Amino acid sequence: MNVRAPKGTADMLPEVARAWEYLTRTAQELFARYGYEPIYTPLFEHTEVFTRGIGEATDIVSKEMYTFTDRSDRSLTLRPEGTASVVRSALEHSLVPQGSYVKLYYAGPMFRYERPQKGRMRQFWQIGIECLGAAEPSVDAEVIAVLIRFFEAVGIPLENMRLLINSMGDETCRPAYRETVATFIRDHGEALCEECNRRAETNPLRAFDCKNPGCVEVMAEAPLFRDELCDECADHYEAVKEYLDGLGITYEEDPKLVRGLDYYTRTVFEVQVDAGLGSQNAIGGGGRYDRLMEQYGGKPTPGLGFALGFERTLLALEAAGVEIPAPPLAEVYVARVDESVSGMAFGFTSALRETGIAAEMDHQARSLKAQFKQADRLGARLTVIVGPDELDAGEVTVRDMGTKEEVRVPIEGMAGRIAALLA
RNA sequence: GUGGGUGUAGCUCAGUUGGUUAGAGCGUCGGACUGUGGCUCCGAAGGUCGCGGGUUCGAGCCCCGUUACCCACCCCA
């Protein structure tokens, strides 16, 4: 059998798994302070949830979905992102209170069928938040703040990050702007790549994303949405910026920031870093999606959120030289002198653990020397030596691995004494 | 889907113009006088040299195919 994990997937070995849990803990703590509650949705959904929400013409839907039919011929798809599922769930269970809003966060694996490379996997982890029901620009600023604060909290230096923001307009002003850009593309067709020419018909705004040097040059001359937003969208955008200024969060306006999902309206944003991600640069991003709930048949319900990538965040942390704290595997190691005391050693280890102390012992009857090496490797601060001599006196020897000092401790109340020594 | 690079012990890599028993460092295990660690020293285990063909007296080294991984394009977390 093939013992390799499937292409584009990776085992998270203990070192990485620890980092994973660290990111998760940090997020949970931070998100809770902003009033977000956890939600877990299925890893797969009816395919329609994504085709309708994310958009047929997007790369994600047109060529990256893991779609399959189950035994009853239902078309299901492994989720390529988190927002669509959360919004579907919020609609299904009426999570958005009338006249109010709900704040949710999620974490877990996402799936996209792509050629893997640095910072891009077929199964990758995201953690994200969604705020459903609130249309006010202060919420936009708050969501952006949570994203920035998270990266700060895990240890990415502020100066390594770049926050880009833009407005994608709404149903009032976007159609006209779309047409303006489509026309612009057709007018400059011969100077643009094949893909961009196709975009004039499918999704003109994405032409701003093209990295082809010729296209970049031409698109630099294209009319900017910033200048054609309707009054409401322009006001909203201005307000978001004011709130961000108030929070002291620095951002760069990028009129060409066009995110790859169709559901975005008004505010969109992305956090980028320059080092560690290979040719990728975004570690998190999101935006507002005021029409998404309606696309699923719900009442008009504004919403917005962000998603950030675990793998990419770790790459960025690595590039910044941040070490993720690793607790010792054992605070106390129980060494036994010979097999005659195995039973006692086993009992002591268990008693320590029940007292709340991380304790480890040797199960393989190895030499005392080997046991000390093990104690050292595990990072134990104390080693309890269990030998016939000690037991005869109703005691054990406790060695401080740092100072090498040894004291005899009565077996009676040993766990408590050791806990005191560790304190 | 397209292009480039790389596949030698658990990990990181050497392997000279093809030549006989394939090496190192790290890690693991054991030992350096009797119940004791981090340094040092000694030793051991561990390899279908990605796989399949071919050339050759002889291939880890050359050729062809194949596969896996990596990186890049596209796009995104």
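Relevant structure appears above.
Small disclaimer: the values here were computed from a predicted structure and weren't measured. (Residues numbered from 1 in each chain as written. Chains lettered and ligands numbered in written order. Predicted model: local features only at pLDDT ≥ 70, side-chain atom pairs only at ≥ 80, totals over all residues. Heavy atoms only, no water.)

*Asks:* Where do I start with the side chain of His236 in this structure?
*Replies:* In this fold, His236 is placed in helix α9 (residues 231-247). The contact partners of His236, leaving out residues within four places of it in the chain, are Ala135, Glu136, Pro137, Asp140, Arg266, Thr267 and Arg288. (Helix = DSSP H or I, 4+ residues; strand = E, 2+ residues; numbered from the N terminus. Contact = heavy atoms within 4.5 Å.)

*Asks:* Is there a simple way to explain the nonpolar core in this structure?
*Replies:* Note that soluble globular proteins tend to have their nonpolar side chains buried in a common cluster. In terms of nonpolar packing, the biggest core is built from 96 residues, with Phe31, Phe151 and Phe306 touching the most fellow members. With 11 residues, helix α5 (residues 137-154) is the largest single contributor of residues to this core. Non-local contacts of Phe151, meaning those with residues more than four positions away in its chain, are made with Ile156, Met161, Val271, Ile283, Gly284, Leu308 and Thr313. Counting 19 residues, the second largest nonpolar core, distinct from the first, contains Ala345, Met361, Val396 and Met414. (Core = buried A, V, L, I, M, F, W, Y, C linked by side-chain atoms within 4.5 Å. Buried < 20%, exposed > 50% of the residue type's maximum accessible area, 1.4 Å probe, protein only.)

*Asks:* Help me out: how do you make sense of the packing of aromatic side chains in this one?
*Replies:* The relation between two aromatic rings is expressed through the spacing of the ring centres and the mutual angle of the planes. Overall, the coordinates contain 12 aromatic pairs when judged by the stated rule. Aromatic pair Trp20 and Phe310: ring centres 5.0 Å apart, planes at 55 degrees, arrangement tilted. Taken together, the residues span a long stretch of sequence, with Trp20 in helix α1 (residues 14-33) and Phe310 in helix α11 (residues 310-319) at a distance of 290 residues. Across the pair, exposure class does not vary: Trp20 and Phe310 are buried alike. Ring centres of Phe44 and Phe68 lie 6.2 Å apart, and the angle between their planes is 75 degrees; on these two criteria the pair is classed as edge-to-face. Taken together, the residues Phe44 in strand β2 (residues 44-46) and Phe68 in strand β3 (residues 66-69) connect sequence positions 24 residues apart. These aromatic residues form a ring-pair network of at least three members: Phe31, Tyr105, Phe150, Phe151 and Phe306. (Phe/Tyr/Trp six-rings, centres within 6.5 Å; stacked < 30°, edge-to-face > 60°.)

*Asks:* How should I be thinking about unusual backbone geometry in this particular structure?
*Replies:* With phi around 55 degrees, Ala365 is a residue other than glycine that occupies positive phi space. We classify Ala365 as partly exposed; its relative accessible area is 41%. Even without a glycine there, the phi angle at Lys404 is positive, about 70 degrees. Looking at where Lys404 falls in the secondary structure, it is placed in the loop between β15 (395-400) and β16 (406-410). Using a relative accessible area of 59% as the deciding quantity, one classes Lys404 as exposed.

Don't take any of this as a statement about function, it's just geometry.
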